[in-house]
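Chain by chain, the residues run as shown.
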Amino acid sequence: GENVEQHPSTLSVQEGDSAVIKCTYSDSASNYFPWYKQELGKRPQLIIDIRSNVGEKKDQRIAVTLNKTAKHFSLHITETQPEDSAVYFCAASIGRLTFGTGTRLTIIP
Amino acid sequence: NAGVTQTPKFRILKIGQSMTLQCTQDMNHNYMYWYRQDPGMGLKLIYYSVGAGITDKGEVPNGYNVSRSTTEDFPLRLELAAPSQTSVYFCASKGTGKRETQYFGPGTRLLVL
């Protein structure tokens, strides 16, 4: 089955700086890659997603890039704000989602 | 729309007890999923369903059972609770078509003592 690895497990950045979280996947048939944000005690919420026929997608301060050849994809958050502090999960899908283990992002004021 | 709802929010079980976690969605989604999330970890798929009457095992199905008699409901049954089943359980649903977004319920926190 699919295996998704996510790095780093924790990340601290100064407010206003950029944050990058990286994921790799094992199954070249995966064709859908969502990113979820989970605040403490809350449900995961989709923040951005990308399909395998697209290399990059941007939504305001959030962007995702996909390299199908290398089988990795990344989340980029620019101009970070305190409310960006949360756990972020990547996932890869061949019909069913396989999640990474999460990155705890802390924004330092 | 209420989206995906789950009950109860929190439950304490004794070892060997049984319980059913309820999940309901009002978005007419065909696909429904049950995940568990252990502390500091990602989500592991327990069972899923592609439509009423159809269910299949995910990554960690042992100790659980599901049924899908209607499109709206997808209950998860624990028959003999064990401490290893202490976790947060999330139900999710998604529709068909190009958008594959899974929408999650608020979760059920289960403690087995």
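Details of the structure are given in the entry above.
Residues numbered from 1 in each chain as written. Chains lettered and ligands numbered in written order. Predicted model: local features only at pLDDT ≥ 70, side-chain atom pairs only at ≥ 80, totals over all residues. Heavy atoms only, no water.

### Details of the packing of aromatic side chains
1) Next: According to the stated counting rule, one finds 13 aromatic pairs over all chains in the structure shown.
2) Next: Consider the rings of Y36 of chain A and F99 of chain A, whose centres lie 5.8 Å apart with planes at 50°: the pair is tilted. One end of the pair, Y36 of chain A, is in strand β4 (residues 32-38); the other, F99 of chain A, is in strand β10 (residues 97-99), with 63 residues separating them in the sequence.
3) Next: Judged by relative accessible area, F99 of chain A falls into the buried class, the value being 8%.
4) Next: Both rings, one in F99 of chain A and one in Y35 of chain B, keep their centres 5.5 Å apart while their planes meet at 90°; by these two values the pair is edge-to-face. Of this pair, F99 of chain A sits in strand β10 while Y35 of chain B sits in strand β4 (residues 31-37), on two different chains. A single burial state applies to F99 of chain A and to Y35 of chain B, both of which are buried. (Phe/Tyr/Trp six-rings, centres within 6.5 Å; stacked < 30°, edge-to-face > 60°. Helix = DSSP H or I, 4+ residues; strand = E, 2+ residues; numbered from the N terminus. Buried < 20%, exposed > 50% of the residue type's maximum accessible area, 1.4 Å probe, protein only.)

### A short note on unusual backbone geometry
1) Next: Here the bond from H7 of chain A into P8 of chain A is cis, since omega is -5°, no more than 30 degrees from zero.
2) Next: By the element assignment, P8 of chain A lies in the loop between β1 (4-7) and β2 (10-14).
3) Next: Backbone geometry places K71 of chain A, a non-glycine residue, at a positive phi of 55°.
4) Next: One non-glycine residue, N28 of chain B, adopts positive backbone phi at about 60°.
5) Next: When you line up the elements, N28 of chain B lands in the loop between β3 (19-25) and β4.

### Focus on the pairing of strand β7 (residues 62-67) of chain A
Regular strands place their side chains on alternate faces of the sheet.
All names here are of chain A.
1) Next: With four bridges joining them, strand β6 (residues 56-59) and β7 adopt antiparallel strand pairing. Its bridge partner lying in β7, K57 is registered against V64.
2) Next: Linkage of β6 to β7, two consecutive antiparallel strands, is achieved through a turn of two residues, within which Q60 is found at a positive phi near 60°.
3) Next: Sheet topology places β7 next to strand β8 (residues 72-77); six bridges connect them, and they run antiparallel. Residue pairing in the sheet places L66 in a bridge with F73 of β8.
4) Next: Joining the antiparallel neighbours β7 and β8 is a turn of four residues, in which K71 adopts a positive phi near 55°. (Pairing = 2+ DSSP bridges.)

### What about the sheet that holds strand β7 (residues 64-66) of chain B?
All names here are of chain B.
1) Next: With antiparallel pairing, the four strands of this open sheet are ordered in space as β1-β3-β8-β7. A strand with exactly one partner marks an edge of an open sheet, and here the two such strands are β1 (4-7) and β7. Neighbour to neighbour, the strand axes of the sheet diverge by 20° on average, direction disregarded. (Axes fitted to C-alpha atoms, helices over the stretch in contact; angles between N-to-C directions.)

Without other data, these values stay purely geometric and don't point to any function.
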